[in-house]
Amino acid sequence: MTGGAMTGGAMTSDVTLLGIRHHGPGSARAVAAALAQLRPDAVLIEGPPEADGIVGLAAEKDLVPPVALLAHAVDDPSRAAFWPYAEFSPEWVAIRYAVERELPVRFIDLPAAYGFGAAPDTGDAPDTDGPAADPVALLAEAAGHDDPERWWEDVIEHRAPGADALTPFAAVAEAMAALREEGLGESRRDLLREAHMRQRIRAARRAGYARIAVVCGAFHVPALAAMPTVAHDRALLAELPKKARTDITWVPWTHRRLSQAAGYGAGVESPGWYHHLFTVEGDPVPHWLARAADLLRAEDHPVSSAHVIEAVRLARTLAVLRGRPLAGLTETLDAVRAVLCDGSDVALELVRDRLVVGDALGEVPDAAPAVPLQRDITRLQRTLRLKPDATPRDLDLDLRKDTDAARSRLLHRLRLLGVDWGVPARSAVASTGTFRESWRLCWQPEYAVRIAEAAQWGTTVEAAAVAKAIAKATGAARAAVELAELTALVETCLLAGLPAALPAVMRALADLAALATDVAHLAGALPALVRALRYGDVRGTDHGALGAAATGLADRICVGLPPACVGLDAGSAAAMRGRLDEVHGAIGLLAADAGHAGTEHVDTEHVDTANADPTGLADRWAAALRSLARREPTGGPATGVPGLLRGRAVRLLLDDGRLDSDEAGRRLRLVLSAANAPADAAGWIEGFLAGGGALLLHDPRLLALLDEWLTGVSDEAFTDVLPLLRRTFAGLEAGVRNTIGARVAAGPLDAEPLAEPATGELDRARADAAVPVVALLLGVRPFIPRQAAGRDT
């Protein structure tokens, strides 16, 4: 590892190579011991040289790992790469050692700027993951072990420090040299990287440093120790492409992103466990099992101190039986499953997720380089008290409050910019008002790249969101995309509070709506526009043009809907049925807005539109539904509207009070006649009953008609209609299904309802006797009649 008195331009004793495993706590402890023994005057580390100017920030107390170096091309921020470091990363230990002692520290890997070029053998982005094959896995296999992680724990992580801190590095270097002699794991990119590392080592020696420590991946040690000629390395590096302009900074990282499951090739499967190994003195198993017990108790699992003691004993016993020097993660998890989780893999998975992997999120100081947009986001996060967190959490907002409204605007603007820090969620609090919003927040490290990409649109969140919305609208108009995308953008602009973007978006919407002829597209666009109209009262937005556009779309849907539904196949009819329901609700709200102009109704979910619509929109929609309901397929399925849509139209008219039950029964009787195809009749029933079948209980005549038709269907037709009927009744409430079944079994269904029981004089004494029992069942204080209390009635 230390270059001896070698000839031929090889390394000398002024350079020491410390070969490590990335993110290995054992390697990190070994590096700390080696640096303390060597006391170098310069530290060289495998990493992007662009970071030399910001590595000093590691001395700041606000730079808390896990963190990562983020490099990206200035002209195309999507071309980016990360170099993550955790507290247990050997590179981080070396960085901290150097900055705390004010020693020169330099990164020596291939510059990231080359990786953003178009090198034919390097791919589209820098490769920070090491050799093509995992050398640890190759060594474990050579040693007869099928589990590389377990083998590495036994030989490195559980190894007690010796008198000479350099001994383990010499052993690792010898093993890697054997691999390299066999040509295992090498790639062309490795040769380029190693040539650049050697050049940087030569530069450090020329600078006059006498004790140089080089911290690099163990796989590279043999190549750096060989030290070929300068001309050899220059010839290799001549193959590199032109450098791209590159920016680099520190960004927060998470333990979860260090795990292999997150797609980081040089990661580890158990970052939370490795952090525990590195930070806990002595035997780490008891303390870790105590943490597992605390976690399980918090999730209502009964775990006692005795469980923890027995789990520690079991883990140690398993290590002895398996011939391991100490209990590792495998033995510890086996003990957790058997003792703390009672054999439950579900509870064990919770421990794996929270403790073995974990969601620790690092911090970066304000002094770190950042684009203006990132700084504005950080400012808003602090102002609005929304701290980024890698652990998912729910946030309920009341938009009537200024702070919550500002939080909502920020989250919507970030989503428009591609930063999905917050995702709309279903609230646990029941509410029908538009003043409440619920979000699921979870900050991810890759948002740093998306923020850098979004910086092209502006220096503040609001300015960037406005520019992005305008660009999407104008681009969408040119590309002639679906109308629903533009209406969704209008809704987003209102939610995000971007009035400056609305004129351009509305112009694009009007242009596209004027050209749109597909009723399905119009129907898909209307609900978003109407939802946007309802936000005005809470968010204080002016949307007169939006209301006019929504009314125009609704009128065109009323005219074009019936002919657009003719001849649809089963799949298209099902899709149109969903749009029919959405348009019905949207027109109801739109008509109510017209009838209640100037009044607040943001908490109104159900409105009576029949008598409160001066524009007549509700009447025109009802006429469209009647036309839809009348278009029977007289000359085959292709000549009329599918039964699913006709039945749905009748049900919507019935629910709105524009059709009485007698007329609905007459239409059902016609549909169920022998002249109609059974499949069309079954579809009609599905559309009619969708959304609730209680009307069959309130009107026994409808249920009797349905029962009479079903019992008269031929055996061949019954086989065809059975799946439709099963799907129809499966969508009804369980109580409704049970009651319908009981009534059919009791029969006859066409009998007149029983008369109301005669009411006589109330026996107050008997009624008062039942009050305490009823109160006990309801969990309320019993009502004491005045007479019983000795007072006059």
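Residues numbered from 1 in each chain as written. Predicted model: local features only at pLDDT ≥ 70, side-chain atom pairs only at ≥ 80, totals over all residues. Heavy atoms only, no water.

As for the overall build of the protein chain
Phase 1 of the analysis: Within the protein chain, the secondary structure is distributed over 34 helices and 10 strands.
Phase 2 of the analysis: For the protein chain, the residues scored as buried account for 49% of the 793 residues in total.
Phase 3 of the analysis: Summarising the internal contacts of the protein chain: among those between residues at least 6 apart in sequence, 74% fall at separations of at least 24.
Phase 4 of the analysis: Accessible surface, the protein chain: about 37,400 Å² in total, of which carbon and sulfur atoms supply 53%. (Helix = DSSP H or I, 4+ residues; strand = E, 2+ residues; numbered from the N terminus. Buried < 20%, exposed > 50% of the residue type's maximum accessible area, 1.4 Å probe, protein only. Contact = heavy atoms within 4.5 Å. Areas by Shrake-Rupley, 256 points an atom, 1.4 Å probe, with all protein chains shown as cover.)

Section: the packing of aromatic side chains
Phase 1 of the analysis: Tallied over the entire structure, the rule returns eight aromatic pairs.
Phase 2 of the analysis: Taken together, a centroid distance of 5.1 Å and an interplanar angle of 25° make the contact between Trp684 and Phe688 stacked. A residue pair is termed a helical-turn pair when its members lie 3 or 4 positions apart in one helix, as Trp684 and Phe688 do in helix α29 (residues 678–689) at four residues. You'll find Trp684 and Phe688 in the same group, each marked buried.
Phase 3 of the analysis: In textbook terms, an aromatic cluster arises when at least three aromatic residues are bridged by ring pairs, as seen for Tyr85, Trp92 and Trp250. (Phe/Tyr/Trp six-rings, centres within 6.5 Å; stacked < 30°, edge-to-face > 60°.)

Thoughts on the sheet that holds strand β5 (residues 105–107)
Phase 1 of the analysis: With parallel pairing, four strands are arranged side by side in an open sheet as β1-β6-β2-β5. Here the strands that pair on one side only, and so sit at the sheet edges, are β1 (15–20) and β5. Neighbour-to-neighbour, the strand axes of the sheet open up by a mean angle of 20°, direction not taken into account. (Pairing = 2+ DSSP bridges. Axes fitted to C-alpha atoms, helices over the stretch in contact; angles between N-to-C directions.)

Here we look at a nonpolar patch on the surface
Phase 1 of the analysis: A surface patch of nonpolar side chains, about 200 Å² in accessible area, is lined by Leu710, Phe718 and Leu722.
Phase 2 of the analysis: Note that Leu722 resides in helix α32 (residues 715–730).
Phase 3 of the analysis: With a relative accessible area of 33%, Leu722 lands in the partly exposed category. (Patch = residues over 30% accessible without salt bridge, like charges linked within 9 Å, V, L, I, M, F, W, Y side chains within 5 Å. Salt bridge = Lys/Arg side-chain N within 4 Å of Asp/Glu carboxyl O.)

Remarks on α29
Phase 1 of the analysis: End to end, α29 covers 16 Å across 12 residues, agreeing with the expected 16 Å (1.5 Å per residue, within 8%).
Phase 2 of the analysis: In terms of burial, α29 is a largely internal element, 10 of the 12 residues being buried.
Phase 3 of the analysis: Along α29, the residues classified as buried are Asp680, Ala681, Ala682, Gly683, Trp684, Ile685, Glu686, Gly687, Phe688 and Leu689. (Expected span 1.5 Å × (residues − 1).)

Observations regarding the pattern of salt bridges
Phase 1 of the analysis: For the structure on display, the rule yields 38 salt bridges.
Phase 2 of the analysis: Of the charged contacts, one joins Asp359 and Arg256 as a salt bridge, the two residues approaching to 2.6 Å between their closest N and O atoms. One end of the pair, Asp359, is in the loop between α15 (345–357) and α16 (372–383); the other, Arg256, is in helix α10 (residues 255–258), with 103 residues separating them in the sequence.
Phase 3 of the analysis: Accessibility expressed as a relative area gives 24% for Arg256, which makes it partly exposed.
Phase 4 of the analysis: What you see here is one network of salt bridges that share partners, running through Arg322, Arg324, Glu331, Asp334, Arg337 and Asp345.

Description of the environment of Arg352
Phase 1 of the analysis: Looking at the secondary structure, you find Arg352 in helix α15.
Phase 2 of the analysis: In the structure, Arg352 is positioned 60 residues away from Ala292 in sequence and 9.5 Å away in space, judged by C-alpha atoms.
Phase 3 of the analysis: Non-local contacts of Arg352, meaning those with residues more than four positions away in its chain, are made with Leu333, Arg337 and Val357.

With respect to the layout of surface pockets
Phase 1 of the analysis: Size it by volume and the second largest pocket reaches roughly 950 Å³.
Phase 2 of the analysis: Elements that contribute at least two residues to the lining of the second largest pocket include exactly β3 (67–73), β7 (246–252), α16 and α18 (447–454).
Phase 3 of the analysis: Residues of the lining of the second largest pocket, tallied by class, amount to 20 nonpolar, seven polar and eight charged. (1 Å grid on protein atoms, 1.4 Å probe; cavity = no way out; pocket = protein on both sides within 12 Å on 5 of 7 lines; lining within 4 Å. Points joined across faces, edges and corners; volume = space filled by probe spheres on them. Nonpolar A, V, L, I, M, F, W, Y, C, P; charged D, E, K, R; others polar.)

Focus on α32
Phase 1 of the analysis: An ideal rise of 1.5 Å per residue puts 22 Å on 16 residues; α32 measures up with 22 Å between its terminal C-alpha atoms.
Phase 2 of the analysis: Maximal helix bending in α32 amounts to about 45°, located at Val721; proline Pro723 follows within four positions.
Phase 3 of the analysis: Restricting attention to buried positions, one finds in α32 the residues Ala717, Val721, Leu725 and Thr728. (Bend = angle between axes of the 7 residues up to and from the residue.)

Side note on the nonpolar core
Phase 1 of the analysis: Ranked by size, the top nonpolar core spans 86 residues in total, and within it Val490, Leu526, Leu561, Trp621 and Trp709 carry the most contacts.
Phase 2 of the analysis: It is helix α22 (residues 519–534) that provides the largest number of residues to this core, a total of 10 residues.
Phase 3 of the analysis: The contact partners of Trp709, leaving out residues within four places of it in the chain, are Leu672, Pro678, Ala681, Ala682, Ile685 and Leu725.
Phase 4 of the analysis: Judged by nonpolar contacts, the second largest core, of 52 residues, contains Trp288, Leu350, Ala448 and Val449. (Core = buried A, V, L, I, M, F, W, Y, C linked by side-chain atoms within 4.5 Å.)

Some details on unusual backbone geometry
Phase 1 of the analysis: Geometrically, the link from Pro65 to Pro66 is a cis peptide bond, its omega value of 5° lying close to zero.
Phase 2 of the analysis: Within the secondary structure, Pro66 sits in the loop between β2 (42–45) and β3.
Phase 3 of the analysis: If you check the backbone angles, Arg39 has positive phi at about 50° while not being a glycine.
Phase 4 of the analysis: Its place among the elements puts Arg39 in the loop between α1 (25–38) and β2.
Phase 5 of the analysis: Looking at Arg39, the relative accessible area reads 60%, which means it is exposed.

What to know about the packing of α1 against helix α11 (residues 271–279)
Phase 1 of the analysis: Interhelical geometry of α1 versus α11 gives an angle of 30° and a closest axis separation of 9 Å. Between α1 and α11, the angle is such that the two are roughly parallel. Of the two possible hands of crossing, α1 and α11 adopt the one that is right-handed. Contact residues: α1 offers Pro25, Ala28 and Arg29, while α11 offers Tyr274, Leu277 and Phe278. (Parallel < 35°, antiparallel > 145°, perpendicular 65-115°, else oblique. Left-handed = near helix turned anticlockwise from the far one by under 90°.)

Digging into the sheet that holds strand β4 (residues 80–85)
Phase 1 of the analysis: The three strands are arranged β4-β3-β7 in an open sheet whose pairing can be described as antiparallel. The sheet is open, and its two borders are formed by β4 and β7, each paired with just one other strand. Adjacent strand axes in the sheet meet at a mean angle of 20°, parallel and antiparallel pairs treated alike.
Phase 2 of the analysis: Relative to β7, β3 is paired through seven bridges, and the arrangement is antiparallel. When the bridges of β7 are listed, Leu70 appears paired with Thr249.

A word on the confidence of the model for the protein chain
Phase 1 of the analysis: Mean pLDDT for the protein chain: 81, with 83% of residues reaching 70 or above.
Phase 2 of the analysis: For residues 1–11, every residue scores under 50 in pLDDT, and the model assigns this stretch 29 contacts once sequence neighbours within four places are set aside.
Phase 3 of the analysis: Confidence drops under a pLDDT of 50 for residues 261–265, and excluding neighbours within four residues, the segment shows 10 contacts in the predicted structure. (pLDDT = per-residue confidence, 0-100.)

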